[in-house]
Amino acid sequence: MDNARETAESVINNANKEAEDIKRNRLLEAKEEILKEKAEIEKEREARRNELQRFEQRLINREEILDKKSDQMDRRERNIKQKENEAQKLKDKAQDLERKQQEELERIAKLSREEARDILFSNLENELQLDLALRVKQGEEKIREECDRVARMIITTAIQKWAADQVVENTVSVVSLPNDEMKGRIIGREGRNIRMLESLTGIDLIIDDTPEAVILSGFDPIRREIARMTLEKLIIDGRIHPARIEEMVEKSQKEMETRIREEGEQAMFKVGVTGIHPEIVKLLGKLRFRTSYGQNVLQHSMEVAFLSGTMAAELGLDPTVAKRAGLLHDIGKALNSEIEGPHALIGAKFAEKHKESRDVVHAIAAHHEDEEQQTIEAVLIQAADAISAARPGARRETLETYIKRLEKLETLANSFEGVEKAFAIQAGREIRIMVRPDLVDDSLSAKMARDIVRRIEEELEYPGQIKVTVIRETRSVEYAK
């Protein structure tokens, strides 16, 4: 037991010594860390103190610089005031000299100051007006040349990208017959079949000596197409009598409604326009069966959409509005037989009624200037419409109408005072007017051209556009003897 106790005490004593040693070592380490942190804090404090001193020195230097600048400003201000006083004295002296000079000039010229000033200003005004007119003319010519160059480039690019075939359509349709015996069956007993067909379709059937053919004549292309479809069905079926005719007419009318919708949807798809109201799509389909001077209106509308979209893209604009307005610009032609008024305004009202955007509605209304153009898209639609209508072979007119239009064009130009001769050229697409130089000067020439254009637009009907050129030629003739 005594040995165990001694061993335990020995272990405890050793443990206490080790604990003391560990404690002592920990205290030494803690003191060393405290000294290190204290040294770092002192170093940081010294660095901040030095930085504050440098900042204080900069402030002192800046304050000294500001004081110097303030002194300089004070000196400059004193110098300026002194120079202002000197300038005022010189001004007073100059005014006094000017007054004496004016009095002496009035005495010599026997004119008052107001009279002399009026004469001087009058002469100066005349010189300035002449110089201004020359500068304006030069500027207009330069701008016109640049605009013409850019416009030709844009229009040429648009036409190159869209080169569709031109198809001229007629107001009659021809239906081929398997034999001449079929003519008698179409006419029917005492003409009852042909009368029934004409009354139901509103189209005249011309049965003459033309072998194996019947001519359908009428100015409503949709009715004419329904009559053609009906007659072809009857010929294939072989049963031609009033009841069967009525049945086939009704069937053809339903097929025509479907075809009209499909034509409108196909036009939308080709142009790349979506979200059009079904009623407007129906009008587009109807345009497939309408012509203007022989040009198919739906084909023309698609061409205007492509041209205006291309030109809008060339100008850096969004082509979506231009394409949409170009496709819809003539929808009023499908309604103008039902509603009185210009087709542009009729189409615009219909488009507005069916939630088309304001820009599209405005472009439709303004493409024939029934409304003042306020957007670039409206101008592009008008230009594309003129390009499509003016392309060679796009439109046609009878010889009689053509000659009358040329005569009216020349007569209208000759009615202006100062016109010596007027010539309609380029198949009536341009008129050149020779004026008398002693009655019409350069400024009146430009005004006359604008007035003639306005009269042509108000009084004549014509396809495409007409260029008006006023020529003023001055000749000086002398004889050497």
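Residues numbered from 1 in each chain as written. Predicted model: local features only at pLDDT ≥ 70, side-chain atom pairs only at ≥ 80, totals over all residues. Heavy atoms only, no water.

Draft legend 1. Representation of a negative patch on the surface in the model. Residues Glu 369, Asp 370, Glu 371, Glu 372, Glu 457 and Glu 458 make up a contiguous surface patch of negative charge. Using a relative accessible area of 61% as the deciding quantity, one classes Glu 458 as exposed. (Patch = residues over 30% accessible without salt bridge, like charges linked within 9 Å, V, L, I, M, F, W, Y side chains within 5 Å. Areas by Shrake-Rupley, 256 points an atom, 1.4 Å probe, with all protein chains shown as cover. Salt bridge = Lys/Arg side-chain N within 4 Å of Asp/Glu carboxyl O. Lys, Arg positive; Asp, Glu negative; His and termini not counted. Charge placed at Lys NZ, Arg CZ, Asp CG, Glu CD. Buried < 20%, exposed > 50% of the residue type's maximum accessible area, 1.4 Å probe, protein only.)

Draft legend 2. Just helix 6 (residues 242-271), in detail. Taking 1.5 Å per residue as the helical rise, helix 6 with its 30 residues ought to reach 44 Å, and the 43 Å between its terminal C-alpha atoms agrees with that figure. Taken together, the buried positions of helix 6 are occupied by Arg 244, Ile 245, Met 248, Val 249, Ser 252, Met 256, Ile 260, Glu 263, Gly 264, Ala 267, Met 268 and Val 271. The inward-facing, buried residues of helix 6 abut helix 4 (192-201), helix 5 (221-237), helix 7 (278-287), helix 8 (297-314) and helix 9 (319-328). Just past helix 6, the residue Gly 272 takes up positive phi, approximately 90°. (Helix = DSSP H or I, 4+ residues; strand = E, 2+ residues; numbered from the N terminus. Expected span 1.5 Å × (residues − 1). Contact = heavy atoms within 4.5 Å.)

Draft legend 3. Inspection of helix 10 (residues 343-353) at higher detail. Buried within helix 10 we find His 343, Ala 344, Ile 346, Gly 347, Ala 348, Phe 350 and Ala 351. The secondary structure elements touched by the buried residues of helix 10 are helix 7 and helix 11 (358-366). Looking one or two places after helix 10, you find Lys 355, whose phi comes out positive at around 70°.

Draft legend 4. View of the packing of aromatic side chains. Summed over all chains, the structure comprises 0 aromatic pairs. Over the aromatic face of Phe 289 sits the side chain of Arg 288, whose NZ or CZ is 5.6 Å from the ring centroid. (Phe/Tyr/Trp six-rings, centres within 6.5 Å; stacked < 30°, edge-to-face > 60°. Lys NZ or Arg CZ within 6 Å of the ring centre and 35° of its normal.)

Draft legend 5. A look at the pairing of strand 7 (residues 430-435). Direction of pairing for strand 6 (residues 419-425) relative to strand 7: antiparallel, over a ladder of 6 bridges. In the sheet register, Ile 425 faces strand 7, and the bridge partner there is Glu 430. Of the pairings in the sheet, the one linking strand 7 to strand 8 (residues 467-472) comprises 6 bridges and is parallel in character. The residue of strand 8 that forms the bridge with Met 434 is Ile 471. (Pairing = 2+ DSSP bridges.)

Draft legend 6. Representation of the pattern of salt bridges. Summed over all chains, the structure comprises 26 salt bridges. For Arg 239, the salt bridge goes to Asp 237, with nearest N and O atoms at 3.0 Å. Taking the relative accessible area as the measure of exposure, Arg 239 reaches 47% and is therefore partly exposed. Measuring nitrogen to oxygen at the nearest pair gives 3.3 Å for the salt bridge that ties Arg 472 to Asp 442. Of the two residues, Arg 472 is situated in strand 8 and Asp 442 in helix 14 (residues 442-459); the sequence distance between them amounts to 30 residues. Since its relative accessible area comes to 45%, Asp 442 is described here as partly exposed. One salt-bridge network, in which partners are shared between bridges, spans Glu 225, Arg 228, Glu 232 and Arg 259.

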